[in-house]
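Observations on the model geometry
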Amino acid sequence: MKIKIYEGFDLEELLNKVSQELGDKYKILYRDTVKVKTKIPFIKKTKHILIVEPEEEKKEFEELLEKELELEQDEKETYQPTYNPLRNYPLIEENFVKESDTKKEITINDNKLEEITKEFSGKAIDLINILTQKEVSLDVAKEVVKGGCGLELSSNKLDLKHFTFRESLIEGLNSKVDFKGDIFENLTRQKVLVFLGPTGVGKTTNLFKIASDLVLNKNKKVAVLSIDTFKAGAADQARSYSNILGIPFYLLSDPKKIRETVDDLNFVDVILIDTIGRSHYDHWKLGEMKETLRFLDEAQYMMVLSANMNTKESFNIIKKYQKFFKIDYLFFTKIDETSYPGVILNLTVKTGIPLTYISTGQNVPEDIKVLTPERLVSLLLKETD
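In what follows, the accompanying structure is described. None of the values given here were measured: they were computed from a predicted structure.

The rules behind these values
By convention here, each chain's residues receive numbers from 1 onward along its written sequence. The model is predicted, so local features are restricted to residues of pLDDT at least 70 and side-chain atom pairs to those at 80 or more, both for listing and for counting; the totals for chains, interfaces and linings are taken over all residues. Only heavy atoms go into the side-chain values, all of them from the structure, while hydrogens and water stay out. Numbering of helices and strands runs from the N terminus; a helix is a DSSP stretch of H or I covering at least four residues, while a strand is a stretch of E covering at least two. Think of it in three bands: residues with accessible area under 20% of the maximum for their type are buried, residues over 50% are exposed, and the middle band is partly exposed, with areas taken using a 1.4 Å probe on protein chains only. By the convention used here, residues are in contact when the closest approach between their heavy atoms is within 4.5 Å. To measure how exposed things are, a 1.4 Å probe is used in the Shrake-Rupley method; for residues, cover is taken only from the protein chains shown. Two strands make a pair as long as DSSP finds a minimum of two bridges between them. The handedness of a crossover follows from its direction of travel: if, with the strands pointing away from the viewer, the path from the first strand over the helix to the second runs clockwise, the crossover is right-handed. For helices, the fitted axis covers only the stretch in contact; all axes are lines through C-alpha atoms, and the angles between them, taken along N-to-C directions, range from 0 to 180 degrees. One fewer than the residue count of a helix, multiplied by 1.5 Å, yields its expected span. The directions from the helix axis to the C-beta atoms form the arc being described. Polar contacts here mean pairs of N or O atoms no more than 3.5 Å apart (in protein, one a potential hydrogen donor and the other a potential acceptor; neighbouring residues in sequence count only if both atoms are side-chain atoms). In this analysis, rings of Phe, Tyr and Trp, with Trp reduced to its six-membered ring, are considered paired at centre separations within 6.5 Å, and the interplanar angle assigns stacked below 30 degrees, edge-to-face beyond 60, and tilted for intermediate values.

The next point concerns the overall build of the protein chain. When its secondary structure is counted, the protein chain shows 13 helices and 15 strands. Taken across its 385 residues, the protein chain has 51% of its residues classed as buried. Of the contacts made within the protein chain by residues no fewer than 6 positions apart, 73% connect residues no fewer than 24 positions apart. Put simply, the protein chain shows about 19,100 Å² of open surface, and 46% of that area lies on carbon and sulfur atoms.

With that settled, the discussion passes to the pairing of strand 14 (residues 355-359). The element strand 14 is extensively covered by neighbouring structure, given that five of its five residues are classed as buried. Bridge count between strand 13 (residues 329-333) and strand 14: three bridges; the pairing is parallel. Across the sheet, Leu-330 pairs through a bridge with Leu-355, a residue of strand 14. Once the chain exits strand 13 it traverses helix 12 (residues 342-351) before rejoining the sheet at strand 14, and the crossover so formed is right-handed. Relative to strand 15 (residues 368-370), strand 14 is paired through three bridges, and the arrangement is antiparallel. The partner of Tyr-357 across the bridge, within strand 15, is Val-370.

Here the focus is the sheet that holds strand 9 (residues 222-226). Pairing is mixed across the open sheet formed by eight strands, whose spatial order is 10-9-11-8-12-13-14-15. Lying at the two open borders of the sheet, with one neighbouring strand each, are strand 10 (249-251) and strand 15. Strand-to-strand, the axes of this sheet are offset by a mean angle of 25 degrees, without reference to chain direction. Bridging between strand 9 and strand 10 involves three bridges; their strand directions are parallel. Directly across from Val-224, in strand 10, lies its bridge partner Phe-249. Most of the contacts of helix 12 go to strand 13, to which it runs at about 170 degrees, and overall it touches strand 12 (300-306), strand 13 and strand 14.

Our next topic: helix 1 (residues 11-22). Count 3.6 residues to each turn of an α-helix, and residues three or four apart come out pointing the same way. Here helix 1 spans 16 Å end to end across 12 residues, near enough to the 16 Å set by a 1.5 Å rise per residue. Every buried residue of helix 1 is accounted for by Leu-14, Val-18 and Leu-22. Along the long axis of helix 1, the arc covered by the buried residues comes to 45 degrees, so they all point the same way. Across helix 1 from its buried face, at more than 90 degrees, point the exposed residues Glu-12, Glu-13 and Gln-20. Of the residues flanking the start of helix 1, the one acting as N-cap is Asp-10, its side-chain oxygen 3.0 Å from the backbone nitrogen of Glu-13. Downstream of helix 1 by one or two residues, Gly-23 has phi in the positive range, about 65 degrees.

Here strand 13 lies mainly inside the structure; five of its five residues are buried. The sheet contact formed by strand 12 and strand 13 spans five bridges and is parallel. Its bridge partner being in strand 13, Met-302 is matched across the sheet by Tyr-329. For the crossover that starts at strand 12, traverses helix 11 (residues 311-322) and ends in the parallel strand 13, the hand is right-handed.

This brings us to the packing of aromatic side chains. Per the stated rule, a full pass over the model turns up four aromatic pairs. When the centroid spacing of 6.4 Å and the interplanar angle of 25 degrees are considered together, the rings of Phe-184 and Tyr-357 count as stacked. On the criterion of sequence distance, the pair formed by Phe-184 in the loop between helix 6 (165-176) and strand 8 (191-196) and Tyr-357 in strand 14 is long-range, its members being 173 residues apart. We classify Phe-184 as buried; its relative accessible area is 2%. The buried category is assigned to Tyr-357, whose relative accessible area is 5%. On the basis of an interplanar angle of 70 degrees and a centroid distance of 5.1 Å, the ring pair of Phe-208 and Tyr-241 is categorised as edge-to-face. A residue pair is termed long-range when its members are at least 10 positions apart, and Phe-208 in helix 7 (residues 203-217) and Tyr-241 in helix 8 (residues 234-245) qualify at 33 residues. Grouping residues by exposure puts Phe-208 and Tyr-241 together as buried. In textbook terms, an aromatic cluster arises when at least three aromatic residues are bridged by ring pairs, as seen for Phe-184, Phe-331 and Tyr-357.

Structure representation (structure tokens):
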């Protein structure tokens, strides 16, 4: 079942928005209201929440993956290398991603290009160039591409072992990146997972995407805890989502009470813990959050980041949070809002933290995907607008 969640303070405007986006092809499954605090003391506003089921549509992301998988099964075609008159090596282009990919120009600056050509040749150079266009850092691109290369005896340099960029990049990723897959499969004991991340990356929304998938598709028993007692309306919103799914919800801030509640929830398979968004520069608040969770020794930590963030700032966020928490997984949101997903590859290679899921849109629970080598390759080789 695919659903979309709409929230707003004006019910008429909210219904108009639903009609504009979905036309008349939808069904309202659930309607609720919550009281949200305002800046004026003792004054609250009424927020409306609509849970809507739209008519089934294929997402662009899914269509791309289907196309990639079909092409991967096709018989490999003969290609003719094209030559750049300014260089002495062939620019062999990929025929299996998009037609517009076949005329890429080398964008790496001359100094770096000279450095690369000392180690790589032919298609390997072209693939490195494509990755840097997606904002994969040059050192990471070289390291990953190297994993899909073999030594070319005639030039004594590294070139791709496979006919297509796709096959070579998949092999390179498998050699350098830890893809955890679905971390909730084959559970042998209760899993306690804490969601961390800065404000605005979609922690709460994607926590409930996972909760929805676990309840609706995997038949798991789930409970949600939130330690976000600061953000106005956050608890009411989370409680509404939990009520829709029919799962327990708790709002807690006392460390001992959190420990007791987790112990009392020994009948559920998964406990998901939502946290308040904290700036990575606010060490005091991060320390306060660690103190709140200090009795949960069995908890694992999911770092939630946006795919449209730049690598340097994202890396700083991870390093600051790692001073307080052992980060077990990376989860990237807003995949549908960027054409330059290189930050995903940069962060997992530089930090060694495994990849788990990506969020590809607003639909619940469909717009969450396990991040596999094949999916990441599809994102990295996808042509930009």
